[in-house]
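Overview (structure and organization)
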Amino acid sequence: MWSAVEDGILTVLAVLGAICIVATIAAFALNISLIMFKTGSMSPTIPTGSLAVVRQIPASDIRVGDVTTVSRGEDQLPVTHRVVSTTPVGNGVYSIEMKGDANDSPDSQPYEVTEVRKVLWHAPGLAYVVSAVSQPKYMAGITVAASLLVVWAFWPRKQHAQPQEVTE
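Now for a quick tour of the structure.

About the thresholds
- The residue numbers shown here count from 1 along each chain, following its written sequence.
- With the structure being a predicted model, the display of local features is reserved for residues of pLDDT at least 70 and the display and counting of side-chain atom pairs for 80 or more, all residues being used for whole-chain, interface and lining totals.
- Calculation of side-chain values draws on the structure's entire complement of heavy atoms; hydrogens and water are dropped beforehand.
- The criterion is simple. A nonpolar core is a set of buried Ala, Val, Leu, Ile, Met, Phe, Trp, Tyr and Cys residues joined through side-chain atoms within 4.5 Å.
- Exposed residues in this analysis have more than 50% of their type's maximum accessible area, buried residues have under 20%, and partly exposed residues fall in between, with area computed by a 1.4 Å probe over protein chains only.
- Should any heavy atoms of two residues lie within 4.5 Å, those residues are considered in contact.
- Salt bridges are identified by distance alone: a Lys or Arg side-chain nitrogen within 4 Å of an Asp or Glu carboxyl oxygen.
- Elements are defined by DSSP. Helices are runs of H or I of four residues or more, strands are runs of E of two residues or more, and each kind is numbered from the N terminus.
- Here, expected helix span is obtained from the residue count minus one, scaled by 1.5 Å.
- Should DSSP find at least two bridges between two strands, the strands are regarded as paired.
- Each axis is a line fitted through C-alpha atoms, taken for helices only over the stretch in contact, and angles between the N-to-C directions span 0 to 180 degrees.
- What goes into a patch is any residue over 30% in relative accessible area without a salt bridge, connected to like charges within 9 Å or, for nonpolar side chains (Val, Leu, Ile, Met, Phe, Trp, Tyr), within 5 Å.
- For accessible areas, the Shrake-Rupley method is used with a probe of radius 1.4 Å. Any residue's cover is judged against the shown protein chains and nothing else.

**Remarks on the nonpolar core**
Among the nonpolar cores identified, the biggest contains 12 residues, and these are I57, A59, I62, V70, V79, V83, Y94, I96, M98, Y111, V113 and V116. With residues near it in sequence (within four places) discarded, Y111 still touches V70, S71, R72, V79, Y94, S95, I96 and M98. If you look at the next biggest cluster of nonpolar residues, it comprises 8 residues, including I35, F37, A52 and V67.

**Focus: the pattern of salt bridges**
According to the stated counting rule, one finds 2 salt bridges in the structure shown. R82 is the partner of D101 in a salt bridge, and the nearest nitrogen-oxygen pair spans 2.9 Å. Of the two residues, D101 sits in the loop between strand 5 (93–99) and strand 6 (111–113) while R82 sits in strand 4 (residues 79–90), which places them 19 residues apart along the sequence. A relative accessible area of 23% places R82 in the partly exposed class.

**Digging into helix 1 (residues 2–29)**
Every α-helix carries 3.6 residues per turn, so stepping three or four residues along brings you back to the same face. Over its 28 residues, helix 1 runs 41 Å from end to end, which matches the ideal 40 Å to within 8%, given 1.5 Å per residue. Note on helix 1: the residue one or two positions beyond its end, N31, has a positive phi of about 55°.

**Observations regarding the sheet that holds strand 7 (residues 115–123)**
Pairing is antiparallel across the open sheet formed by 7 strands, whose spatial order is 1-2-7-3-4-5-6. Edge positions in the open sheet fall to strand 1 (32–36) and strand 6, since each of these has one partner strand only. Within the sheet, the average angular offset between the axes of one strand and its neighbour, ignoring direction, is 45°. Pairing of strand 3 (residues 67–70) with strand 7 involves 2 bridges; the strand directions are antiparallel.

**Concerning the pairing of strand 4**
In this structure, strand 3 lies alongside strand 4, joined through 4 bridges in antiparallel fashion. Across the sheet, V67 pairs through a bridge with R82, a residue of strand 4. The antiparallel pairing of strand 4 with strand 5 creates a hairpin that spans 2 residues between the two strands, and N91 there sits at a positive phi of about 55°.

**Structural notes on unusual backbone geometry**
Across the chain, the bulk of peptide bonds are trans and the bulk of non-glycine residues have phi less than zero. Of note, the amide linkage connecting S43 to P44 takes the cis form, showing an omega dihedral of 0°. By secondary structure assignment, the location of P44 is in the loop between strand 1 and strand 2 (51–58). Within the chain, N31 stands out as a residue other than glycine whose phi angle is a positive 55°. Take N31: it is sitting in the loop between helix 1 and strand 1. When its relative accessible area of 45% is taken as the criterion, N31 is described as partly exposed.

**Here we look at a nonpolar patch on the surface**
Among the surface-exposed residues, M1, W2, V5, I9, V12, L13, V15, L16, I19 and L149 lie close enough to one another that they form a single nonpolar patch of about 980 Å² accessible area. Counting residues per element, the nonpolar patch draws most heavily on helix 1, which supplies 8 residues. In this fold, L16 is placed in helix 1. Classification of L16 as partly exposed rests on a relative accessible area of 46%.

As structure tokens, then:
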């Protein structure tokens, strides 16, 4: 009985590991990353503490209504707001005006960009979990737990004696 439970647990963990590997490869191949919402400027659509999946796209693919993340320059955090207008400037550069859903007016200046990160999906509250798990003490615990699982998976097991076949 215990052997079947062990095999089931190891199978589930192996499938989860394979999913993580595939997701990591897909993220690199498709320019996908994660962002966390630390302010409420996109509430109620995307509340504070949400985790979002974003994909880097050329500025030419931006549409009014898209929620996008743009860089604001050195020493400033990027901003993620809804696109309210887009104007081609030339040489692949676009001027986009953005506004947070919770804000009364658009951002003070338009952003000139060649590419942006478009929000594909978001999960409210998940940023808090990712932030907490990213702390060194939890990362150390996860590393120790994963190491113990690997040792457990490869630890030699007792072989049960199988009945000998009698031949005449």
